[in-house]
Amino acid sequence: MVESIIFYVFAISTVTTATAVVTVRNPVHAALFLVLTFFTSAIIWMTLEAEFLAITLVLVYVGAVMVLFVFVVMMLDINIALLREGFVRYLPLGLLVALVMLGLMVSVVTSDIFVLDAASEPVPKPADYSNTEALGRVLYTEHVFAFEVAAVILLVAIIAAIALTMRKRPQTKYQDPASQIRVRKADRLRIVKMPAGED
Amino acid sequence: MTDFFLPLWNWLHEYVQYTLASGAKALAILLPLFIVVAYYTLAERKVIGYMQMRKGPNRVGPRGLFQPFADMFKLMVKEIIVPTNANRYLFIIAPVLTFAPAMAAWAVVPFDADLVFADINAGLLYILAMTSLGVYGVIIAGWASNSKYALLGAMRSAAQIVAYEIAMGFALVGVLMLGGSLNLGAIVNAQAGGWSEWFVIPLLPLFFVYLISGVAETNRAPFDVAEGESEIVAGFHVEYSGMAFAVFFLAEYANMILISMLCALMFLGGWLSPVPDLIGDGIGWLFLKTALFMWLYLHFRATFPRYRYDQIMRLGWKVLLPVTIVWLFVEGIAIYFEVPLFV
């Protein structure tokens, strides 16, 4: 009973906040609603007894990824008026994409894979069951290849991101302590003999 | 007494009983926490005072002992000012968003072998998740204030917390490799057998990384660029007054105590006695070890100058993070070959 109440409360808030992400005008509000969506879906995962994944969702997506999102959105000087125009112009394309998405979703949801009878109701695990351990076991044995591939892809992405931002900026005036130390008196100073003046 | 209350208790519905019992337990943790926070602020002013050859607050009550209450009443009766053009809702929500995770994290902290509010398997992960949520309060406060100093403070804080969270998380990976569990109680029990078994010895580099990033995570000196009163007035909470400011303050101090207690739990054996043959284990040990780190926070603030911002970033990404990765590698090899200290 309590589980159902928790599920429905957070399922409704997930859908509501997800809708708000695409409908609110202010980009910062949209990003914050996305944070809330992640958080509520983490709680829904928690009701499925997937504690490890739920907490990791909060830790990684809410605690790190979305912080950077919000950070960037706040830094950008977004012209909201510019975002609003062109609604009618893009409407046909948008509708087409929406229809395709809707069709795909309907076909997936109504297929035999996702009917309720296809999967039996999951049996709750005993209290001492650690799904961190279970997940680790599967990840490092059965799926180790996919896991390693994902790690390599992420590494490439990191290096690519760093390479993209490592650009030379000749107009910036950096200090170079090494060359500052190497400087000799002769490089900077010229002593000029001046005869004592009679003006 | 029991004759009257016991039937009344049994008459209540199971869920109501559960809610009441949990609420009472939560209060039993949070009320002492608030009192410790109150006296921690006094201790801070006293310690820094004596380190700077002053006496610190000594007017309210005997030796200034009632100073925290005077401060509290002052903050409570002050007006909460919402700046013009500030985003009203987010402005009010921001202190709550800082405060709630700071309190929620205490749910899984064990105080003694059986004294824990929620003994969950993934306790360490839960604490990391909760402490990483606190940054939203800072960012939202900075943005919603509609003030350039507040926004600057929020930006600094966001980048700093994200950077140090990674080093902190990696340091904790070392702890759970040795402890073999994400449960804080199990991690403490893995350190049983006197001071030589404590994780601080095999994990000394990670201990320092954790300590440093803990100070950075709580935005305390010498990493307090988010507030930076000499540069950006008071950073993200410059526009806050009265209770709204007090809530930020409370959350910051609760987080400092939390980090200190986690240090004690994960590296210094928590409630375990350093010499089990002479003195038994007990909650007193945990409080003593926590107090040591809490005092270090104050000592840092009184003795270190503030880091420059680029130096903070360099320390986080280019020093602390590589140190943790190298030590995790060393630790992995040591555990595999069963080197004495690591098993």
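All figures in this text were calculated on a predicted structure; none of them were measured in a lab.

(A) Representation of the overall build of chain B within the structure. Scanning chain B from terminus to terminus reveals twelve helices and zero strands. Relative to the globule expectation of 20 Å for 343 residues, the C-alpha radius of gyration of chain B, 21 Å, shows essentially globular dimensions. Summarising its shape, the C-alpha atoms of chain B cover approximately 65 × 65 × 40 Å along the three principal directions. In chain B, the share of contacts with a sequence separation of at least 24, taken over all contacts with a separation of at least 6, comes to 75%. Surface accessibility of chain B: about 16500 Å² in total, with carbon and sulfur atoms responsible for 69%.

(B) Geometry of the packing of helix α8 (residues 204-217) of chain B against helix α12 (residues 309-336) of chain B. Residues and elements named next belong to chain B. Remark: α8 packs on α12, axes separated minimally by 9 Å, with the N-to-C direction vectors making an angle of 150°. It follows from the interaxial angle that α8 and α12 lie roughly antiparallel. Judged by the sense of rotation from one axis to the other, the crossing of α8 with α12 is left-handed. Across the interface between the two elements, Pro205, Leu206, Val209 and Ile212 of α8 pack against Leu315, Leu320, Val323, Thr324, Trp327, Leu328 and Glu331 of α12. Here the contact of α8 with α12 is built from residues that sort into nine nonpolar, one polar and one charged.

(C) Quick look at the side chain of Glu252 of chain B. On the secondary structure map, Glu252 of chain B appears in helix α10 (residues 242-267). For Glu252 of chain B, the residues in contact, after removing those within four places along its chain, are Thr218, Asn219, Arg220 and Glu227 of chain B.

(D) Quick look at a nonpolar patch on the surface. Together, Leu65, Phe66, Phe69, Met72, Phe73, Met76, Val77, Ile80, Ile92 and Met243 of chain B make up a nonpolar patch on the protein surface, roughly 940 Å² of accessible area in all. Among the elements that take part in the nonpolar patch, helix α3 (residues 67-77) of chain B stands out by supplying five residues, more than any other.

(E) Structural context of the nonpolar core. Residue and element names in this part refer to chain B. Residues Trp106, Tyr136, Tyr210 and Met266 are the most contacted members of the largest nonpolar core, which totals 114 residues. Looking at which element gives the most residues to this core, the answer is α10, with 16 residues. The contacts of Met266, once residues within four sequence positions are left out, are Leu124, Leu172, Val175, Leu184, Ile187, Gln191, Phe199 and Tyr210.

(F) The arrangement of the interface of chain B and chain A in detail. Contacts between the two partners involve 22 residues from chain B, matched on the other side by 28 residues from chain A. Taken together, both faces of the contact between chain B and chain A bury some 2000 Å²; the carbon and sulfur share is 82%. Three residues, Tyr136, Trp143 and Met155 of chain B, lead the burial of chain B against chain A; their summed loss comes to 28% of the area buried on that side. Summed over the shared surface of chain B and chain A, the number is zero salt bridges. The interface formed by chain B and chain A contains three residue pairs in polar contact (both at pLDDT 80 or more). Mapped onto the side of chain B that touches chain A, the elements with two or more residues apiece are α5 (123-144) and α6 (148-179) of chain B. Tallying contributions element by element places α5 of chain B first for the side of chain B that touches chain A, with eleven residues. By residue class, the composition of the side of chain B that touches chain A is 18 nonpolar, three polar and one charged.

(G) Inspection of the packing of aromatic side chains at higher detail. Residue and element names in this part refer to chain B. Applying the stated criterion across every chain, the model contains 19 aromatic pairs over all chains. Measuring from ring centre to ring centre gives 5.3 Å for Phe223 and Tyr307, while their planes differ by 15°; the resulting arrangement is stacked. Taken together, the positions of Phe223 in the loop between α8 and α9 (229-232) and Tyr307 in the loop between α11 (283-303) and α12 put the pair 84 residues apart, joining distant regions of the chain. With a relative accessible area of 4%, Phe223 lands in the buried category.

(H) Seen up close, the confidence of the model for chain A. Taken residue by residue, chain A gives an average pLDDT of 84. The fraction at 70 or more is 92%. At the level of individual helices and strands, chain A shows its lowest average pLDDT in helix α4 (residues 80-84) of chain A, which scores 68, and its highest in helix α7 (residues 144-165) of chain A, which scores 91.

(I) Quick peek at the environment of Val73 of chain A. Residues and elements named next belong to chain A. Here Val73 lies in helix α3 (residues 51-75). A relative accessible area of 18% means that Val73 is categorised as buried. For the pair Val73 and Thr14, spaced 59 residues apart in sequence, the C-alpha separation works out to 22 Å.

(J) Geometry of α6 of chain B. Over its 32 residues, α6 of chain B extends 45 Å from the first C-alpha to the last, a length consistent with the 46 Å expected when each residue adds 1.5 Å. Just downstream of α6 of chain B lies Gly180 of chain B, where phi reads positive at about 70°.

(K) Structural detail: helix α5 (residues 87-110) of chain A. Residues and elements named next belong to chain A. The end-to-end C-alpha distance of α5, which contains 24 residues, comes to 32 Å, matching closely the 34 Å that a straight helix rising 1.5 Å per residue would cover. Where α5 bends most, the angle comes to about 30°, and this point is Leu93. Little of α5 sits inside the fold, with zero of its 24 residues counted as buried.

(L) Representation of the confidence of the model for chain B within the structure. Confidence in the prediction for chain B averages 84 pLDDT; 99% of positions are at 70 or higher. Our summary of model confidence lists the complex with pTM equal to 0.83 and ipTM equal to 0.80.

(M) Quick peek at unusual backbone geometry. All names here are of chain B. Located in the positive-phi region is Met53, a residue other than glycine, with phi close to 60°. Mapping Met53 onto the fold places it in the loop between α2 (14-51) and α3. Not every positive phi belongs to a glycine, and Asn146 is a case in point at roughly 55°. Structurally, Asn146 can be placed in the loop between α5 and α6.

(N) Region of interest: the pattern of salt bridges. Residues and elements named next belong to chain B. A complete count under the given rule lists six salt bridges over all chains for this structure. The residue Glu44 makes a salt bridge to Arg301 at a minimum N-O spacing of 2.7 Å. Taken together, the residues Glu44 in helix α2 and Arg301 in helix α11 connect sequence positions 257 residues apart. Judged by its relative accessible area of 3%, Glu44 falls in the buried class. For Asp224, the salt bridge identified is with Arg306, shortest N-O distance 2.8 Å. On the criterion of sequence distance, the pair formed by Asp224 in the loop between α8 and α9 and Arg306 in the loop between α11 and α12 is long-range, its members being 82 residues apart. Look at Asp224 and you get buried, because its relative accessible area is 10%. For Arg306, a relative accessible area of 25% puts it in the partly exposed group.

Cut-offs and rules
- Residues numbered from 1 in each chain as written.
- Chains lettered and ligands numbered in written order.
- Predicted model: local features only at pLDDT ≥ 70, side-chain atom pairs only at ≥ 80, totals over all residues.
- Heavy atoms only, no water.
- Helix = DSSP H or I, 4+ residues; strand = E, 2+ residues; numbered from the N terminus.
- Rg over C-alpha atoms; globule rule 2.2 N^0.38 Å.
- Contact = heavy atoms within 4.5 Å.
- Areas by Shrake-Rupley, 256 points an atom, 1.4 Å probe, with all protein chains shown as cover.
- Axes fitted to C-alpha atoms, helices over the stretch in contact; angles between N-to-C directions.
- Parallel < 35°, antiparallel > 145°, perpendicular 65-115°, else oblique.
- Left-handed = near helix turned anticlockwise from the far one by under 90°.
- Nonpolar A, V, L, I, M, F, W, Y, C, P; charged D, E, K, R; others polar.
- Patch = residues over 30% accessible without salt bridge, like charges linked within 9 Å, V, L, I, M, F, W, Y side chains within 5 Å.
- Salt bridge = Lys/Arg side-chain N within 4 Å of Asp/Glu carboxyl O.
- Core = buried A, V, L, I, M, F, W, Y, C linked by side-chain atoms within 4.5 Å.
- Buried < 20%, exposed > 50% of the residue type's maximum accessible area, 1.4 Å probe, protein only.
- Buried area = accessible area lost by both parts, 1.4 Å probe.
- Polar contact = N/O pair within 3.5 Å; in protein donor to acceptor, adjacent residues only side chain to side chain.
- Phe/Tyr/Trp six-rings, centres within 6.5 Å; stacked < 30°, edge-to-face > 60°.
- pLDDT = per-residue confidence, 0-100.
- Expected span 1.5 Å × (residues − 1).
- Bend = angle between axes of the 7 residues up to and from the residue.

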